[in-house]
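Descriptive structure summary
In case you want the letters, here they are:
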Amino acid sequence: MSRCMLVEKSGVVRKVAKRILSGPELYIIEAETAEQALTMCEAHMPDTIVVEANPIGMPVEDFVRAIRAMQTDTKPLLIISMIELDLVTMTRAKRAGADDYLLKPFDRQLLLSRFKEFKRAA
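Structural notes on the pattern of salt bridges
Note on pairing: side chains with opposite charge can pair once their charged atoms come close. One pass over the full model with this rule turns up 8 salt bridges. Put simply, Asp 62 and Arg 65 hold a salt bridge, and the shortest N to O gap is 3.0 Å. In this pair, Asp 62 and Arg 65 are both assigned in helix α3 (residues 60-69), 3 residues apart and thus about one turn of the helix distant. Residue Asp 100 pairs with Arg 114 through a salt bridge whose shortest N-O separation is 3.5 Å. Here Asp 100 is found in strand β5 (residues 100-103), whereas its partner Arg 114 is found in helix α5 (residues 108-121), with 14 residues between them in sequence. Taken together, the shared-partner salt bridges in this structure form one network comprising Arg 14, Lys 18 and Glu 30.

Here's what the structure looks like:
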């Protein structure tokens, strides 16, 4: 079973994404802040991390660098979720090691199709 972490300050967004993505092949874990997420990743690195572009506690590029610096057997797919295409944030996150981007708001069809694309590319 694959593990996916959602790093998002909005409980509603986490709840909706978890409801859409949860299933027999994907286990969803949640973190409200960047610090919570890093602590959880140190204990057990997920296969995929979806982090909002402005996580609580640190800039997204610092979060990405911290994940990439962890010594672990799993190199997660790192996806930045954003409400608008911000080239500065996208470039900084990509240079730090982010893999892809996801636009919010999303619905069931969009989120599931994007996750299938991410998995095929990985």
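Continuing now.
Points about the sheet that holds strand β3 (residues 48-52)
Strands sit in the order β2-β1-β3-β4-β5 across an open sheet of 5 strands; the sheet is parallel. Strand pairing shows two members of the sheet lacking a second neighbour, β2 (26-31) and β5, which therefore form its edges. Pairwise comparison of adjacent strand axes, ignoring direction, gives a mean angle of 25° for this sheet. For strand β1 (residues 2-7) and β3, the ladder comprises 4 bridges, and the chain directions are parallel. Bridging across to β3, Cys 4 finds its partner in Thr 48.

Conventions and cut-offs
Residues numbered from 1 in each chain as written. Predicted model: local features only at pLDDT ≥ 70, side-chain atom pairs only at ≥ 80, totals over all residues. Heavy atoms only, no water. Salt bridge = Lys/Arg side-chain N within 4 Å of Asp/Glu carboxyl O. Helix = DSSP H or I, 4+ residues; strand = E, 2+ residues; numbered from the N terminus. Pairing = 2+ DSSP bridges. Axes fitted to C-alpha atoms, helices over the stretch in contact; angles between N-to-C directions.

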